[in-house]
Amino acid sequence: MTKKKSATTKKKQANPSSRHRPGQIHCLKLLRQLSAYIDGELPSDICQEIRSHLGDCPNCEVFILSLQQTVILCRHRPVPPLKSADRVALRRAILKKAIAK
Amino acid sequence: MASALKKLSPPLPSQEPDEFDTLYRDHVDLIYRYAHRLCGETESAKDLVQETFLNAYRGLKNFRGEARLSTWLYTIASRACLRMRRKRKGEPEYELSLDELVPTSEGEFRLQIPVDELTPEEALQNKELRQALDQAIDALPKKYRMVLVLRDMEGLQAKEVGTIMGLNERAVKSRLHRARLFVRRELSARGIIDENDHKSGGLRS
């Protein structure tokens, strides 16, 4: 019951008729949840609230895009593979140290 | 798994493959990749791999299979990394404040990263963008870097990251969000470009 009331209140706050400007509390509140939004971890009513806000606030829309791009770049950041010679040398060094103790 | 691991015989370099060798062979590439992502360069990554598997060798007889082997190794590597970096740099650990990472001006909100119309692979061929990404990740305090690497690069679930780092899921998500905001700010602050530059995938420093 309490949850329903809370959800209704949040939807009212997300009324697209009220314009948001950067620095205003609504933008800041959404920005704090954007990773959870990107990762699909938020309840549907909060997602709806965020989508409504994004449609009404170009700054937040640009911001979320840049955060999504950041995550995508991190996911694709290349790593050089371990060379075969290093794989062999490391194993030898580990066993040598292990046996020495 | 526990009983199999208890049969571990003292390995010698010339021996037939045993449990340690199997562990090493199956996971060394995974741990090297993780180590490289944490350290940002090859020699430190190799040191971390060595330290991780040495500790794993010593702890293998006590491993009871309560976690996956990869989770266990990630945990050993993470702890070893914290010890190594502390020893080498004595770097102070600091917290990332959400208030400092959230933009307050319209200009900050609208900072962009020049990757539109490019695949991530194409975008990362841009040397400047690659360097900016590497530097941003390297500049993260290590406990934030670890969460970012484990979650966004190694692709682990928040729960598993929490197991590795001894955190609850909420703390993992909080650190992840701060780490992403930090990297986003570092990248976009270097990527303020006009529309023409944007289309060419250019990046201003």
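Residues numbered from 1 in each chain as written. Chains lettered and ligands numbered in written order. Predicted model: local features only at pLDDT ≥ 70, side-chain atom pairs only at ≥ 80, totals over all residues.

1. Regarding the environment of Gln125(B)
Quick reminder of the rule: Secondary structure is summarised from DSSP: a helix means a run of H or I of at least four residues, a strand means a run of E of at least two, and numbering begins at the N terminus for each.
Counting through the fold element by element, Gln125(B) comes out in the loop between helix 7 (120–123) and helix 8 (127–139). When the C-alpha positions of Gln125(B) and Val28(B) are compared, they lie 27 Å apart, and in sequence the two are 97 residues distant.

2. A few points about the domain arrangement of chain B
Residues and elements named next belong to chain B. What counts is decided by this rule: Note that the domain bounds reflect an automated or database-derived domain assignment. Residues are treated as contacting if the C-beta atoms built from their backbones sit within 7 Å of each other. Any residue outside Ala, Val, Leu, Ile, Met, Phe, Trp, Tyr, Cys, Pro, Asp, Glu, Lys and Arg is labelled polar, Gly included; the first ten of those are nonpolar and the last four are charged.
Each domain of chain B was delimited in the assignment, giving domain 1 (17–89) and domain 2 (109–199). Counting residues at the interface gives eleven residues for domain 1 and 13 residues for domain 2. Residue assignment for the side of domain 1 that touches domain 2 shows that the elements contributing at least two residues are helix 2 (19–39) and helix 4 (69–89). Top element by residues in the side of domain 1 that touches domain 2 is helix 4. It accounts for six residues. Its residues assigned to classes, the side of domain 1 that touches domain 2 shows five nonpolar, four polar and two charged.

3. Structural notes on the interface of chain A and chain B
Listed by partner, the interface residues are 34 residues for chain A and 44 residues for chain B. For the side of chain A that touches chain B, the element with the highest residue contribution is helix 5 (residues 58–75) of chain A, accounting for twelve residues. Its residues assigned to classes, the side of chain A that touches chain B comprises 19 nonpolar, seven polar and eight charged.

4. Considering the environment of Leu34(A)
Residues and elements named next belong to chain A. What counts here: Exposure classification rests on a simple neighbour count of other C-beta atoms within 10 Å of a residue's own: a residue reaching 20 or more is buried, one at 12 or fewer is exposed, and one in between is partly exposed. C-beta atoms are placed from the backbone.
Relative to the helices and strands, Leu 34 is located in helix 3 (residues 34–38). The buried category is assigned to Leu 34, around which 22 C-beta atoms lie within 10 Å. For the pair Leu 34 and Ile 50, spaced 16 residues apart in sequence, the C-alpha separation works out to 8.7 Å. Excluding residues within four positions of it along the chain, Leu 34 makes contact with Ile 64 and Leu 67.

5. Remarks on the packing of helix 2 of chain B against helix 3 (residues 42–59) of chain B
Residues and elements named next belong to chain B. To keep it simple, the criterion reads: Axis angles are defined between N-to-C directions and span 0 to 180 degrees, where every axis is a line fitted to C-alpha atoms and, for a helix, only to the segment in contact. Throughout this description, any angle smaller than 35 degrees is read as roughly parallel, any larger than 145 degrees as roughly antiparallel, any in the 65 to 115 degree range as roughly perpendicular, and the remainder as oblique. Crossing handedness: left-handed means the near helix sits turned counterclockwise from the far one by under a right angle, and right-handed means the same turn made clockwise.
Packing of helix 2 against helix 3 leaves a shortest axis separation of 8 Å and a crossing angle of 140°. Overall, the two elements helix 2 and helix 3 adopt an arrangement that is oblique. Remark: the crossing between helix 2 and helix 3 carries right-handed chirality. Across from Phe 20, Leu 23, Tyr 24, Val 28, Ile 31, Tyr 32, Ala 35, His 36 and Cys 39 in helix 2, the residues of helix 3 making contact are Thr 42, Ser 44, Ala 45, Leu 48, Val 49, Thr 52, Phe 53, Ala 56 and Tyr 57. Here the contact of helix 2 with helix 3 is composed, by residue class, of 14 nonpolar, four polar and no charged.

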